[in-house]
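Residues per chain, in single letters:
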Amino acid sequence: MNLTLPNRYQVIRGVKTSLTHLFLLTVAATCLFPLFWMVRSSLMSNQTIFTDKSLVPAQMYFHNYVTAWTQGNFGIYFLNSVIYTVSVVVGIVLVSSLAAYAFSRLQFWGKNAFFYMFIAAMMIPLPGSFVPLTVLMNKLHLVNTRLGYILCMINVGLSLSILLFKTFFDKIPSDLEDSARIDGCSKLGIWWHVALPLARPAIAVVVIFNALNVWNEYILATLLLSDKALMPLQRGLMVFQGSHSVDYPVLMAGLTIAAAPIIIVYLFMQDQIVKGALRERSSITEFL
Amino acid sequence: MSKRSALAGFKVNFENFLFVLPAVAIFAVFYIYPFYEIFNLSLHEWNGISLTKQFIGFDNFRELFQDAVWWFSMKNALYITFIALTFQNVLAFALAMACDREIRLKGFYRMIFFIPPVLSEIVVGLIWSWILNAGQQGGEPIGLLNFALDRFGFPNLVHNWLSDPKTALTCIAVVHSWKGFGWGFVIFLAGFQTIDRQLYEAAKVDGAGFWDSFWNVTIPMMLPVIMVVIILTILGSMQAFVLILSMVGQGLVYHTEVPVTRILFAMTGSSRFGYACTMGVTFGGILIVVSYFLNLMSKRMKQA
């Protein structure tokens, strides 16, 4: 065993590494603490929440979650969020992979013009586009309908999803598709049976990115849905928070209900999420 | 070309076009039409209900140019963006640099730092407004921050964080940075991984210290990535508004207004749909010009 004292170089390096970890751990704690405080506050009673500031309350009121789910309407909001997320994501995967397949493999007039139209839409910031969109939805009588909100959200995710699918299709060789064609498979059949199963990694990124986007969306849900039975979680949280006397433990339970699925999915798929996020950000600037 | 093959060509063309038709149809209705309509409405005075819209030319734009509240809201957005550009991005850069070495728990840190970005602005805003709550119960502060200040010997710092015009915007900007630094972190970290390690070795051989190689290797090599993060931060922070709604409520709160909340309230509050669109067009134009010039700059830098 080496019992000699560490030399000066080792000491300096050790101190440096410790300081780096101290810095990183402090920031990590700052990231986690508000979430911990949310969960902790959701387990307090209506009285103790204002007086008791201990980190772990002596008595935990899990009943707040039942109250939030039933009386707070969060059960309905949660179900709505699930419905919107699933329908929008399925819609986007089908519509955008179909279009991207054609942009990558097939020939038709105006192909490049159509493709760059989608890409341009991704780069042009249009703050306040919710104003004409609301007017349009009123005209089409799609306000306060699930279909209206779902179609709007499909449109929001379309451009980036088409780009992600197209870059993926461009990279994979078309050998399998060629042999399928020789076997007499139709173009639509090739897309469904050959291209789409091969595109599984791209599908994963598109699904995750759009699911996060829909689950967290707020402004269109506010402008298009005023019926409580149709509201998703983010909208429901603001309705609950805006009521005259806020029941804080129940609000915190509602926040936990809204945040938990996202955090759980993130912890399981963080690699794809971070990669998808990077891809998203880089594609916004790369065409500018 | 014979008539027959021309016809066949047309058929194939049409068949292939059917693949993009669903996407194009949705896009035409929900993007192209509103895109046209925002320009069209910006030239009208309309309350959103009446059947006739009054064409007023560029009057809305003239009014906007003299609208003090609008330019004040622009100043607020610039302030939030400034905090995000400095505090948030410097923090993200430092964290990425700290993680870009042989260091334990690298994956753990990355996992934690990207949690705030995946949460919704509503969730983040409501959690933080609970922590910053300024209420009192039996002489004791309700909010955690005020409670901690009171308990640890700074009772004179107990403050009405989100109602006081002096602190509200800074609180919003800091929470915005808290939610956003994870983005910068992952982009910077990916950028660091593309730097050739031999450059650092060479600098060391030449006798360069930490700051020498920081200024002469790290910064020049990272410039394109830094520019990307700057552009994304500007575009994102100038348009941030849901976080503000969730932190200070949905009413008109003058001192925390940003351009997008002005647009929202012009529509939902004062029913001036045309004016709301004028704001949208103007603000969008400003953002496009700014990002165009920044992009031009970053391309110049790449060539240099």
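Because the structure is predicted, anything quoted here is derived from the model rather than measured.

Reading the values: rules and limits
Residues numbered from 1 in each chain as written. Chains lettered and ligands numbered in written order. Predicted model: local features only at pLDDT ≥ 70, side-chain atom pairs only at ≥ 80, totals over all residues. Helix = DSSP H or I, 4+ residues; strand = E, 2+ residues; numbered from the N terminus. Rg over C-alpha atoms; globule rule 2.2 N^0.38 Å. Buried ≥ 20, exposed ≤ 12 C-beta atoms within 10 Å, placed from the backbone. Axes fitted to C-alpha atoms, helices over the stretch in contact; angles between N-to-C directions. Parallel < 35°, antiparallel > 145°, perpendicular 65-115°, else oblique. Left-handed = near helix turned anticlockwise from the far one by under 90°. Nonpolar A, V, L, I, M, F, W, Y, C, P; charged D, E, K, R; others polar. pLDDT = per-residue confidence, 0-100. Expected span 1.5 Å × (residues − 1). Domains from an automatic or database assignment. Contact = placed C-beta atoms within 7 Å. Core = buried A, V, L, I, M, F, W, Y, C linked by C-beta atoms within 7 Å.

(A) Structural view of the overall build of chain B. Looking only at helices and strands, one finds 13 helices and four strands in chain B. In summary, chain B has a C-alpha radius of gyration of 25 Å against a globular reference of 19 Å for 304 residues, an excess of more than 25%. Projected onto the principal axes, the alpha-carbon positions of chain B cover approximately 80 × 60 × 35 Å. Looking at the 304 residues of chain B, the share that counts as buried comes to 39%.

(B) Broad picture of the overall build of chain A. Of the regular secondary structure elements, chain A holds 14 helices and zero strands. Put simply, chain A runs from its N terminus to its C terminus through helices and strands in the order α-α-α-α-α-α-α-α-α-α-α-α-α-α. Taken over C-alpha atoms, the radius of gyration comes to 25 Å for chain A, far larger than the 19 Å a tight globule of 288 residues would show. Viewed in the frame of its principal axes, chain A has a C-alpha envelope of about 70 × 70 × 35 Å. Considering chain A as a whole, with its 288 residues, one finds that 42% of them fall into the buried category.

(C) View of the packing of helix α3 (residues 68-99) of chain B against helix α8 (residues 165-192) of chain B. Residue and element names in this part refer to chain B. Between α3 and α8, the shortest axis-to-axis distance is 6 Å and the interhelical angle comes to 40°. When the interaxial angle is binned, α3 and α8 end up oblique. Here α3 and α8 pass one another in a crossing that is right-handed. Residues belonging to the contact of α3 with α8 are distributed by class as follows: 20 nonpolar, seven polar and no charged.

(D) Seen up close, the confidence of the model for chain A. The pLDDT averaged across chain A works out to 90; a share of 96% of its residues lies at or above 70. The least confident element of chain A is helix α14 (residues 270-286) of chain A, whose mean pLDDT is 74; the most confident is helix α4 (residues 74-105) of chain A, at 97.

(E) Geometry of the environment of A:Val93. Topologically, A:Val93 is positioned in helix α4. Through-space distance from the C-alpha of A:Val93 to that of A:Leu267 is 23 Å; in sequence the pair is 174 residues apart.

(F) Up close: helix α10 (residues 210-238) of chain B. The end-to-end C-alpha distance of α10(B), which contains 29 residues, comes to just 35 Å, noticeably less than the 42 Å that a straight helix rising 1.5 Å per residue would cover. The set of residues buried in α10(B) consists of B:Thr218, B:Val225, B:Val228, B:Val229, B:Ile231, B:Leu232, B:Thr233, B:Ile234, B:Leu235, B:Ser237 and B:Met238.

(G) Quick peek at the domain arrangement of chain A. Residue and element names in this part refer to chain A. Domain annotation of chain A identifies domain 1 (8-63) and domain 2 (64-286). Inter-centroid distance (C-alpha atoms) of domain 1 to domain 2 is 33 Å. Taken together, the contact pairs 12 residues of domain 1 with 11 residues of domain 2. The greatest single-element share of the side of domain 1 that touches domain 2, amounting to three residues, is contributed by helix α1 (residues 8-41).

(H) Quick peek at the interface of chain B and chain A. At the junction of the two partners, chain B supplies 70 residues and chain A supplies 70 residues. Ranked by residue count, the leading element in the side of chain B that touches chain A is helix α1 (residues 3-41) of chain B, at 18 residues. Each residue belonging to the side of chain B that touches chain A can be placed in one class, and the counts come to 56 nonpolar, 11 polar and three charged.

(I) Looking closely at the nonpolar core. With 159 residues, the main nonpolar core has A:Ala99, A:Leu255 and B:Ile172 as its most contacted residues. Here the element with the most residues in this core is α4(A); it accounts for 14 residues. Summarising the domain contributions, this core has at least three residues from each of domain 1 (8-63) and domain 2 (64-286) of chain A. Residues contacting A:Ala99, with those up to four places away along its chain left out, are A:Ile162, B:Phe19, B:Val20 and B:Ala23.

(J) Representation of unusual backbone geometry in the model. All names here are of chain A. One non-glycine residue, His-141, lies in positive phi territory at about 55°. Mapped onto the elements, His-141 comes out in the loop between α6 (130-139) and α7 (146-171). Non-glycine residue Asn-144 carries a positive phi angle of around 60°. Following the sequence through the fold, Asn-144 ends up in the loop between α6 and α7.

(K) Here's a closer look at the environment of A:Gln47. All names here are of chain A. Locating Gln-47 in the fold gives a position in the loop between α1 and α2 (48-51). On the neighbour-count criterion, Gln-47 (10 C-beta atoms within 10 Å) is exposed. Between the C-alpha atoms of Gln-47 and Phe-33, which are 14 residues apart in sequence, the distance is 22 Å.

(L) Representation of the confidence of the model for chain B in the model. Here chain B averages 90 in pLDDT, while 97% of its residues score no lower than 70. Predicted complex metrics record ipTM = 0.91 and pTM = 0.92.

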